[in-house]
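Inside the fold
Take a look at the letters that make up each chain.
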Amino acid sequence: MDFFSIFIQMLQAKGVTDNTRRSYKTYIKPYLSYLSAHSISPDDASWQVMREFLLWIQSDRGLCDRTVNMIISYLQFFHMYVLHKPWDKTQIPFRKFNVYLPFVPSRNEVQTFISSMEDPKARLAVSMLYATGLRLDELCHLQCKDIISSSRKIHVADSKNHQDRYVPLPDMIWKMILSYYYSLPADMRPDTWLFTQQRSTKNPMDKQWLQKIFLDKRRELGMSEDFVCHSLRHAYATHSYENGMDLLTLKSFLGHKSLNSTSIYVHLATSSISKTPNPFEQIGGVFLG
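Residues numbered from 1 in each chain as written. Predicted model: local features only at pLDDT ≥ 70, side-chain atom pairs only at ≥ 80, totals over all residues. Heavy atoms only, no water.

We now examine the packing of helix H6 (residues 120-132) against helix H9 (residues 207-221). Two quantities define a packed helix pair, namely the angle between the axes and the distance from one axis to the other. Where H6 meets H9, the closest approach of the two axes is 11 Å, and the angle between their N-to-C directions is 90°. The angle between the axes of H6 and H9 places the two elements in the roughly perpendicular class. Here Lys121, Ala122, Ala125, Val126 and Leu129 of H6 come into contact with H9, specifically with Trp209, Leu210, Ile213 and Phe214. Along the lines of polarity and charge, the residues of the contact of H6 with H9 split into 8 nonpolar, no polar and 1 charged. (Axes fitted to C-alpha atoms, helices over the stretch in contact; angles between N-to-C directions. Helix = DSSP H or I, 4+ residues; strand = E, 2+ residues; numbered from the N terminus. Parallel < 35°, antiparallel > 145°, perpendicular 65-115°, else oblique. Contact = heavy atoms within 4.5 Å. Nonpolar A, V, L, I, M, F, W, Y, C, P; charged D, E, K, R; others polar.)

Put into structure tokens, the structure is as follows:
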């Protein structure tokens, strides 16, 4: 039986996004390979075998507990929708993990980083990540028709939570898009995808291509290892909140399902901390006399 093909069919039947489907495939393929290497059929895999697989892949790939929890969810989907067996949560418990605030580069760091990008395509892509708060996968799959210049907005179709949304298109970004477009040879100008693969305009840009350029530039500048592509989304949200954007608007632009996800930027914003009067200081004068 071709378990992987059935798995793909069930993902399609469930209607998950392309990005989610890729994530599921990333960890189910190693699971099936692991079972094959041990001459075990997925139908016969015990809870102990699954626990051993999780320990192995976490060690082999240096995964955090949060990522392991994602893999557990993928195994549960495979177990229930492909093998049609009940899932026992007491056999494969989710890991507990500490929740840390994400790294947010300062405005100066973002400016230094973007201004140092020599490649026009990479520079525009990184600029758009910061200017719009798009996820990297959303940027890679942005189509030319999604750039609505007349109303200065970008249509983000079928994002992470199966929600369409619009985000503002800054004038400077629109000018950069035009400059980038007309700088390309006529036969290499984007038609469907705004950002295409290096040698073909038929397919969207590989996010690994931009990630490599990003990491190389980060090393060159000696910036924090915590600074990754997704940090620009955090920077957009944090700096927008510091500029006065309310959380509901920010939630809409980021495409968050819950306001709880957006409220993290209250903790990251310096303005919300520095500009709020401390209650002790409002009454503390009496103690200084």
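Moving on, we get to the nonpolar core. The biggest cluster of nonpolar side chains holds 41 residues, and the ones touching the most others in it are Met128, Ile177, Phe195 and Leu210. Take this core: its biggest share by element is 6 residues, from H6. Apart from the residues lying within four places of it in its own chain, the contact partners of Met128 are Gly133, Leu139, Leu142, Ile154, Ile173, Ile177, Leu194 and Phe195. One finds Val16, Ile28, Ile72 and Leu75 within the second-largest nonpolar core, a separate group that totals 31 residues. (Core = buried A, V, L, I, M, F, W, Y, C linked by side-chain atoms within 4.5 Å. Buried < 20%, exposed > 50% of the residue type's maximum accessible area, 1.4 Å probe, protein only.)

On to the sheet that holds strand S1 (residues 147-148). Strand order across the open sheet formed by 3 strands is S1-S2-S3, with antiparallel pairing between neighbours. This sheet does not close on itself; its edge strands, each paired only once, are S1 and strand S3 (165-168). (Pairing = 2+ DSSP bridges.)

What follows covers the pattern of salt bridges. Enumeration according to the criterion identifies 10 salt bridges in this entry. Notably, a salt bridge pairs Lys212 with Asp216, separated by 2.9 Å at the nearest N-O pair. One end of the pair is Lys212 and the other is Asp216, both in helix H9 and 4 residues apart, which spans about a single turn. Lys212 gets classed as exposed once you look at its relative accessible area, which sits at 54%. (Salt bridge = Lys/Arg side-chain N within 4 Å of Asp/Glu carboxyl O.)

So, about helix H8 (residues 171-183). The end-to-end C-alpha separation of H8 is 18 Å, in line with the 18 Å expected for 13 residues at 1.5 Å each. By the burial criterion, the buried members of H8 are Ile173, Trp174, Ile177 and Tyr180. One side of H8 holds all its buried residues, which, seen down the axis, span an arc of 125°. Exposed residues lying more than 90 degrees from the buried face of H8 are Met172, Lys175, Ser179 and Tyr182. Contacts from the buried residues of H8 go to H6 and S1. (Expected span 1.5 Å × (residues − 1). Arc of directions from axis to C-beta.)

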